[in-house]
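A structural walkthrough
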Amino acid sequence: MASLLDSLERSRLLKDREAAREVLNPAEPPHVSLLRLCDAGLLEGGLTVAFGVRPDELVGPLTMAMGGAAKRFKVVDVRERPRLELHVLAGETSERWEVEDLWALVHNLNSLYRDAPDVRAIALLGEWNDALQLLCVDKRSLPKLLRERFFAPQNREALENKPERD
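Some details on the overall build of the protein
Counting secondary structure elements, the protein contains seven helices and six strands. For the protein, the N- to C-terminal ordering of α and β elements is α-α-α-β-α-β-β-β-α-β-β-α-α. At 16 Å, the protein has a C-alpha radius of gyration in line with the 15 Å of a compact globule built from 166 residues. For the protein, the spread of C-alpha atoms along the three principal axes comes to 45 × 30 × 30 Å. Out of the 166 residues in the protein, the part that is buried amounts to 43%. Partitioning the intrachain contacts of the protein with sequence separation of at least 6 by distance along the chain shows that 52% fall at a separation of at least 24. The averaged location of the 28 negative side-chain charges in the protein is 5 Å from the averaged location of its 24 positive side-chain charges.

Structure (structure tokens):
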């Protein structure tokens, strides 16, 4: 079986192998090591988001990490009552999204760009060090990545294009 670092390099997700070796704890399960690497800024497309960040504050960095058409995504208006609502513009599509948390924002962005081959999918890796760890991955490499033992995103069903359970 290939090591975690070998698998990440093959998937072109690892920024610096030597720095990653220093960060990893061999006693940890691989999915925990992935969280640790993301938090250390060592994953291509990885984002660490503090829990206090609002969805409207994350839109810019997240859509830039998604790339492609998502780079042209715009927030036209933000309403805060009764729930946070974003009026968004993506190409010719104008929508209003109620986004009570970062998870809802990730869900909506993945849904909006599901069929856009040039836009990376957002994987919710989980929580580490009081922050949410996200990974934007090329959709062409996603099926292989989903078969990897270390890759256990919390939004796996959405990434597999299956309907999410309520």
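Once the structure has been displayed, the description carries forward.
Thoughts on the state of the cysteines
A full pass over the atoms with the stated rule returns zero disulfides. Left without a disulfide partner, C136 is nearest to the cysteine sulfur of C38, which lies 9.3 Å away.

A word on the packing of helix α4 (residues 55-66) against helix α5 (residues 102-112)
Across the interface, α4 lies against α5 with an axial gap of 10 Å and an inter-helix angle of 40 degrees. Taken together, α4 and α5 sit at an angle that is classed as oblique. Considering how the two elements wind past one another, α4 and α5 form a crossing that is right-handed. Residue-level inspection shows P55, L58, V59, L62, T63 and M66 of α4 in contact with α5, the latter providing L102, L105, V106 and L109. Per-class residue counts for the contact of α4 with α5 are nine nonpolar, one polar and no charged.

Reading guide: rules and limits
- Residues numbered from 1 in each chain as written.
- Predicted model: local features only at pLDDT ≥ 70, side-chain atom pairs only at ≥ 80, totals over all residues.
- Heavy atoms only, no water.
- Helix = DSSP H or I, 4+ residues; strand = E, 2+ residues; numbered from the N terminus.
- Rg over C-alpha atoms; globule rule 2.2 N^0.38 Å.
- Buried < 20%, exposed > 50% of the residue type's maximum accessible area, 1.4 Å probe, protein only.
- Contact = heavy atoms within 4.5 Å.
- Lys, Arg positive; Asp, Glu negative; His and termini not counted.
- Charge placed at Lys NZ, Arg CZ, Asp CG, Glu CD.
- Disulfide = S-S within 2.5 Å.
- Axes fitted to C-alpha atoms, helices over the stretch in contact; angles between N-to-C directions.
- Parallel < 35°, antiparallel > 145°, perpendicular 65-115°, else oblique.
- Left-handed = near helix turned anticlockwise from the far one by under 90°.
- Nonpolar A, V, L, I, M, F, W, Y, C, P; charged D, E, K, R; others polar.

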